[in-house]
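The primary structure of each chain is shown beneath.
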Amino acid sequence: MAAGGLGDIGVTKGVGGSSVEVELAGVIAAPAPPAIGRAEIEARLERARILMGEAGADALLVGAGASLRYFTGVAWGATERLVAMLLPKTGRPTLVCPAFELGSLEASLAIDANIRLWQEDENPAALVGQALAMLGADTLAFDPALPFSVFNNLKAVSPSLEVIDGAPIIDGCRSVKSAAELALMRHAKALTLDIHARAARLLRPGITTGEVRRFIDAAHRAGGADGGSTFCAVQFGRATAYPHGLPGEQALAQGDLVLIDTGCQMRGYHSDITRTYVFGEPSAEHRRIWDIEHQAQAAAFDAVRPGAPCETIDLAARAVLERHGLGPGYALPGLPHRTGHGIGLQIHEAPYLVRGDKTPLRAGMCFSNEPMIVIEGQFGIRLEDHFHVGEAAGVWFTEPSPSIDAPFG
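Residues numbered from 1 in each chain as written. Predicted model: local features only at pLDDT ≥ 70, side-chain atom pairs only at ≥ 80, totals over all residues. Heavy atoms only, no water.

(A) View of unusual backbone geometry. For the bond running from Gly-327 to Pro-328, omega is 0 degrees, close enough to zero to count as cis. Considering the arrangement of structural elements, one finds Pro-328 in the loop between α12 (311–323) and β11 (340–342). In this chain, Leu-332 is followed by Pro-333 through a cis amide linkage whose omega measures 0 degrees. With respect to the secondary-structure elements, Pro-333 resides in the loop between α12 and β11. The backbone of Arg-267 sits at a positive phi, close to 50 degrees, despite the residue not being glycine. Structurally, Arg-267 is set in the loop between β8 (257–266) and β9 (269–270). (Helix = DSSP H or I, 4+ residues; strand = E, 2+ residues; numbered from the N terminus.)

So this is what it looks like as structure tokens:
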């Protein structure tokens, strides 16, 4: 028994009774799976070229961010300075980059590519236009994540250029994960789930949401994540009724619901897991809503089949809620947001488990499953785990929380 007596520990199994020091010391930095290799990145480019042909595009322009990393290995955040890849249907890709950033670009570039440099007083769109002219390209597939200013500047220098949406090409590649990508995501999610269990054990009356967030960030760092937590939401009591929380710190009290949503990256690939449980004794209403949430998450998972439209997963979760008098649709009490999102190099990426998204599920697609229930102004319960689509059904990355009384088993 921890100092302070049983009242400090609560009655939920695995919640309370430990300390930051003990739990942080127990984090193990297991070796991460290998980074994505050059051969796989080159195969991605060939897949993009096939999709470009189907779309009628002569070239694809991809801006800085997750998609540039996916196709080139270059982890480069988008800024006002254009860094982009121009991929032709045949031949070497071209990277457009500020001249003073050349060394940094070359240090992480994983493919053979031409590089076109621009100075601070030059228009980088002109370089893209010149490269397109040399290719004889009439139709350009444009990364929708690029800012409108790039499109506007490009049309100014290449007014006859036809520009089409590049999302079907980019998402068509990125949405289906390889075995190497799945391994990195599995590793990241396993670490985050272990840290969830550790965070639950260190809870005590009066601990603040900030203290818990700082522990989770330190634990992710100790576990070998890329730079600690990518995000961390810690909500106590009434704040759980707001899907992304309330501003300010909260202090934990006996009987409070605890909602923690956090994740990390491993070699760029994300985890994102939510657990909700009670510090102390759950009320009858806590139990009722937690059990409905558990059923809805299971129903969504059971609906996963290759070929099924994404929206059917959302509909399966909502059907459970409506049978219990919740909703309908986005009405409260009920589920105020989509059931899930794609995940990979971005924490939220296409496709989405939401009404209207008719994208057929394919083996290798990865999603969150989080049909949160909100009781307006009182509390909310979200259980979030992730799955990938297998050859015949869904496959969990992490096993769901088994019960409100033993949230970590």
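(B) Spotlight on the nonpolar core. Core analysis: the largest hydrophobic core is formed by 37 residues, its most contacted members being Leu-60, Leu-68, Phe-71 and Met-85. Residue assignment for this core shows that the elements contributing at least two residues are α3 (38–55), β1 (59–63), α4 (66–72), β2 (84–88), β3 (94–98), α8 (167–174) and α9 (179–201). Looking at this core, the element that brings in the most residues is α3, giving 5 residues. Setting aside chain neighbours within four positions, we find Leu-60 in contact with Ala-48, Met-52, Met-85, Leu-86, Leu-87, Leu-140, Ala-141, Gly-166, Ile-169 and Ile-170. With 33 residues, the next largest nonpolar core counts Leu-259, Phe-301, Ile-381 and Phe-387 among its residues. (Core = buried A, V, L, I, M, F, W, Y, C linked by side-chain atoms within 4.5 Å. Buried < 20%, exposed > 50% of the residue type's maximum accessible area, 1.4 Å probe, protein only. Contact = heavy atoms within 4.5 Å.)

(C) Quick peek at the packing of α3 against α8. Contact geometry for α3 and α8: axes closest at 9 Å, N-to-C directions at 145 degrees. Our pair here, α3 against α8, has a crossing hand that is right-handed. In contact with Arg-44, Arg-47, Ala-48, Leu-51, Met-52 and Ala-55 of α3, α8 contributes Pro-168, Ile-169, Gly-172 and Cys-173. Looking at the contact of α3 with α8, its residues break down into 7 nonpolar, 1 polar and 2 charged. (Axes fitted to C-alpha atoms, helices over the stretch in contact; angles between N-to-C directions. Left-handed = near helix turned anticlockwise from the far one by under 90°. Nonpolar A, V, L, I, M, F, W, Y, C, P; charged D, E, K, R; others polar.)

(D) View of α3. Between its terminal C-alpha atoms α3 stretches 26 Å, which fits the 26 Å expected from 18 residues at 1.5 Å a residue. Among the residues of α3, Ile-41, Arg-44, Leu-45, Ala-48, Arg-49, Leu-51 and Met-52 are the ones counted as buried. In this fold, the buried residues of α3 make contact with β1, α4, β2, α8, α9 and β9. Gly-56, located one to two residues past α3, shows a positive phi value of around 80 degrees. (Expected span 1.5 Å × (residues − 1).)

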